Amino acid sequence: MEKKPFVTLGQVQEMVKEYPTPFHLYDEKGIRENARKVNQAFAWNKGFKEYFAVKATPNPYLMQILKEEGVGVDCSSYTELYLSDQVGFHGQDIMFSSNVTPAEDFKLASDLDAIINFDDITHLKFYEKIAPFHETMCCRYNPGGDFAIHNQIMYTPKDAKYGMTKEQMKDAFRYMKEKGVKHFGIHAFLASNTITEEYYPKLAKILFELAVEMKNELGVHMAFVNLSGGVGVPYRPEDKPNDIMAIGEGVRKAYEEILVPEGMDDLAIYTEMGRFMLAPYGCLVTQAIHEKHIWKEYIGVDACAANLMRPAIYGAYHHITVLGKEDAPCDHMYDVTGGLCENCDKFAIDRMLPQIEIGDYLVIHDTGAHGFSMGYNYNGKLRSAEILLREDGSTQMIRRAETKEDYFATLDLSAFEK
Ligand SMILES: *Cc1c(COP(=O)(O)O)cnc(C)c1O
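Please read all numbers here as calculations on a predicted model, not as lab measurements.

Cut-offs used in this document
- Residues numbered from 1 in each chain as written.
- Predicted model: local features only at pLDDT ≥ 70, side-chain atom pairs only at ≥ 80, totals over all residues.
- Heavy atoms only, no water.
- Helix = DSSP H or I, 4+ residues; strand = E, 2+ residues; numbered from the N terminus.
- Rg over C-alpha atoms; globule rule 2.2 N^0.38 Å.
- Buried < 20%, exposed > 50% of the residue type's maximum accessible area, 1.4 Å probe, protein only.
- Lys, Arg positive; Asp, Glu negative; His and termini not counted.
- Charge placed at Lys NZ, Arg CZ, Asp CG, Glu CD.
- Salt bridge = Lys/Arg side-chain N within 4 Å of Asp/Glu carboxyl O.
- Core = buried A, V, L, I, M, F, W, Y, C linked by side-chain atoms within 4.5 Å.
- Domains from an automatic or database assignment.
- Contact = heavy atoms within 4.5 Å.
- Pairing = 2+ DSSP bridges.
- Axes fitted to C-alpha atoms, helices over the stretch in contact; angles between N-to-C directions.
- Near = heavy atom within 4 Å.
- Polar contact = N/O pair within 3.5 Å; in protein donor to acceptor, adjacent residues only side chain to side chain.
- Areas by Shrake-Rupley, 256 points an atom, 1.4 Å probe, with all protein chains shown as cover.
- 1 Å grid on protein atoms, 1.4 Å probe; cavity = no way out; pocket = protein on both sides within 12 Å on 5 of 7 lines; lining within 4 Å.
- Sits in = over half its atoms within 2 Å of the grid points.
- Nonpolar A, V, L, I, M, F, W, Y, C, P; charged D, E, K, R; others polar.
- Points joined across faces, edges and corners; volume = space filled by probe spheres on them.

Caption draft 1: Focus on the overall build of the chain. On a plain count of helices and strands, the chain comes out with 12 helices and 19 strands. Taking 2.2 N^0.38 as the reference for a compact globule, 418 residues should give roughly 22 Å; the C-alpha atoms of the chain span a radius of gyration of 23 Å, in line with that estimate. By its C-alpha atoms, the chain is 70 × 60 × 45 Å across when sized along the principal axes. The proportion of buried residues among the 418 residues of the chain is 53%. Separation between the mean location of the 44 positive side-chain charges and that of the 62 negative ones in the chain comes to 3 Å.

Take a look at the structure:
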């Protein structure tokens, strides 16, 4: 599928008068339409709720938009819980799916009455010293072995640090039942960035069967199954986009097959998508500031891996559009690089693009999730602004760019004053 930016050269030329590049730009319209589609795909399930994985894009303005679309939040740390509370997410609209959890994080999750998802059986006793069990609690499952779809291994749970074995899940549920917990949930995350409509249905089947086993063996009330994240987006033009309606339908079939005959048709489906909710509705806008001709052709841009880490750490593909040259032939091969003193700081390697001139604006696609949020300050690079493109076409700065004062805020430089 052809990848088109949601912004034009003309719009960016207006924006840069107010906000210098680089910046992350988000598309409110796209975010809302997609969130509505997700809710529609699972509308057959009465208790359905998507809990947006805050770590993907922890910006309160974007979280507010999702909130207005009926989405909750999935947090994994103290600061994500704090931010969610500030934005107005309360109680059961917050899922707390953490691992290696510090005591103060559990305490805040409990104080906010979030749904706590235990990553390990040893966390139960750790948690009990800090806070009481709530009426509804959840445990994260690790089935071990390999996770495959059509004999293709997608993930190896046996090597993953997350979750509990089945026996541990049962012990945990038994223990919490004794302590008065009334409703239980199970959660698992078995593959990341899947571009197949079979991932959720296959995971759902595993978790539904486990839910039946738990109910029958332990006599507990299974309140929900949390399918977590992992639904992918088409980063590459040749990737086939996931049809969320087909995914919802696949999960419904497994539900009808496994849960309904057991009388478990009050069980709610939860999801914790990050990437699918936001990645395509964000982009990194950057300007070509240098060109270099040595053994290869380089275009140097004003963004770097500190603004978008995925290409550097995973070799991840992010599509690039040169604004204003959407229809020009891609007859030049470039490495598009940032300025970090690391050779992996390349947004594209051997990429065929239209001829790029200094001053051209480049859109790096699909940075709406796991983009800004993975940023860092290596080489003294400062984090960029985040800008929201509103549905009416106006723009709003939803996070200002860092300044050198932010960078030095944790140092007392006065001790070095001359
Ligand atoms: C990262 C994460 C998610 C979101 O994953 P995506 O691939 O962005 O959908 C959901 N749940 C948990 C527990 C996670 O760690």
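Caption draft 2: A look at the pattern of salt bridges. Evaluated as defined, the whole model comprises 31 salt bridges. Put simply, Asp 350 and Lys 296 hold a salt bridge, and the shortest N to O gap is 2.9 Å. One end of the pair, Asp 350, is in strand β16 (residues 346–353); the other, Lys 296, is in the loop between β12 (282–293) and β13 (297–301), and 54 residues separate them in sequence. By relative accessible area, Lys 296 is classed as partly exposed at 28%. Overlapping salt bridges bring together Glu 28, Arg 32, Arg 36, Glu 68, Glu 69, Arg 390 and Glu 391 as one network.

Caption draft 3: How the structure looks around the nonpolar core. With 88 residues, the main nonpolar core has Phe 118, Phe 173, Met 176, Phe 208, Met 222 and Leu 267 as its most contacted residues. Ranked by residues supplied to this core, first place goes to helix α8 (residues 199–218) with 11 residues. Residues from two domains meet in this core; each of domain 1 (9–24 + 280–405) and domain 2 (28–279) gives at least three. Beyond its immediate stretch of four places on either side in the chain, Met 222 contacts Phe 173, Phe 184, Gly 185, Ile 186, Ala 211, Met 214, Lys 215, Met 264 and Leu 267. By size, the runner-up hydrophobic cluster in this structure holds 16 residues, among which are Leu 284, Ala 288, Val 336 and Leu 362.

Caption draft 4: Layout of the pairing of strand β1 (residues 23–27). The element β1 is largely enclosed, with a buried count of 5 among its 5 residues. The alternating pattern of β1 places Phe 23, Leu 25 and Asp 27 and His 24 and Tyr 26 on opposite faces, both of which are buried. Note: β1 against strand β18 (residues 385–389), 5 bridges, orientation parallel. When the sheet's bridge partners are listed, His 24 is paired in β18 with Glu 386. Strand direction decides the pairing type here: β1 and β12, joined by 4 bridges, are antiparallel. Bridging from a neighbouring strand, Leu 25 pairs with Cys 283 of β12.

Caption draft 5: Fine view of the sheet that holds strand β10 (residues 221–226). Spatially, the 8 strands close up into a barrel ordered β2-β3-β4-β5-β6-β9-β10-β11, and their pairing is parallel. Averaged over neighbouring strand pairs, the angle between their axes works out to 25° when direction is ignored. Both strand β9 (residues 183–187) and β10 contribute to a ladder of 5 bridges, which runs parallel. Across the sheet, the residue bridging to His 183 is His 221, located in β10. Taken strand by strand, helix α5 (residues 103–111) contacts β4 (94–97) and β5 (115–118), and its axis lies near 145° from that of β5.

Caption draft 6: A look at the site of the ligand. Around the ligand there are 14 residues in total, and Lys 55, Glu 272, Gly 274, Arg 275 and His 370 lie nearest to it. Backbone polar atom of Gly 230 to an oxygen atom of the ligand: 3.1 Å apart, as the coordinates give it. A distance of 3.0 Å is found between an oxygen atom of the ligand and a backbone nitrogen or oxygen belonging to Gly 274. Burial of the ligand by the surrounding chains reaches 91%, relative to a free accessible area of 390 Å². Under a 2 Å grid-point criterion requiring more than half of the atoms, the pocket assigned to the ligand is the largest pocket. Residues of the shell around the ligand, tallied by class, amount to 3 nonpolar, 6 polar and 5 charged.

Caption draft 7: Representation of unusual backbone geometry in the model. Note the cis peptide between Thr 21 and Pro 22, where omega equals -5°. With respect to the helices and strands, the residue Pro 22 is situated in the loop between α1 (9–18) and β1. Phi at His 150 takes a positive value of approximately 50°, unusual for a residue other than glycine. Checked against the element boundaries, His 150 lands in the loop between β7 (147–149) and β8 (152–155). Not every positive phi belongs to a glycine, and Asp 366 is a case in point at roughly 60°. Structurally, Asp 366 can be placed in the loop between β17 (361–364) and β18.

Caption draft 8: Region of interest: the domain arrangement of the chain. When its domains are assigned, the chain resolves into domain 1 (9–24 + 280–405) and domain 2 (28–279). Using C-alpha coordinates to define each centre, domain 1 is positioned 32 Å away from domain 2. Tallying the contact residues gives 22 residues for domain 1 and 25 residues for domain 2. Joining domain 1 to domain 2, the criterion identifies 2 salt bridges.

Caption draft 9: A look at the layout of surface pockets. Approximately 890 Å³ is the volume found for the largest pocket. If you trace the largest pocket, you find 39 residues lining it, with Lys 55, Phe 189, Ser 192, Arg 275 and His 370 closest to the centre. Counting only elements with at least two residues in the lining of the largest pocket, the list comes to β3 (72–75), α10 (275–278) and α11 (310–314). For the lining of the largest pocket, the class distribution of residues is 16 nonpolar, 14 polar and 9 charged. Both domains that meet at the lining of the largest pocket, namely domain 1 (9–24 + 280–405) and domain 2 (28–279), each give it at least three residues. When its volume is computed, the second largest pocket comes out at roughly 670 Å³. As for the second largest pocket, its lining consists of 26 residues, of which Met 1, Pro 234, Pro 280, Tyr 281 and Asp 366 are closest to the centre. Split by domain, the residues of the lining of the second largest pocket number at least three in each of domain 1 (9–24 + 280–405) and domain 2 (28–279).

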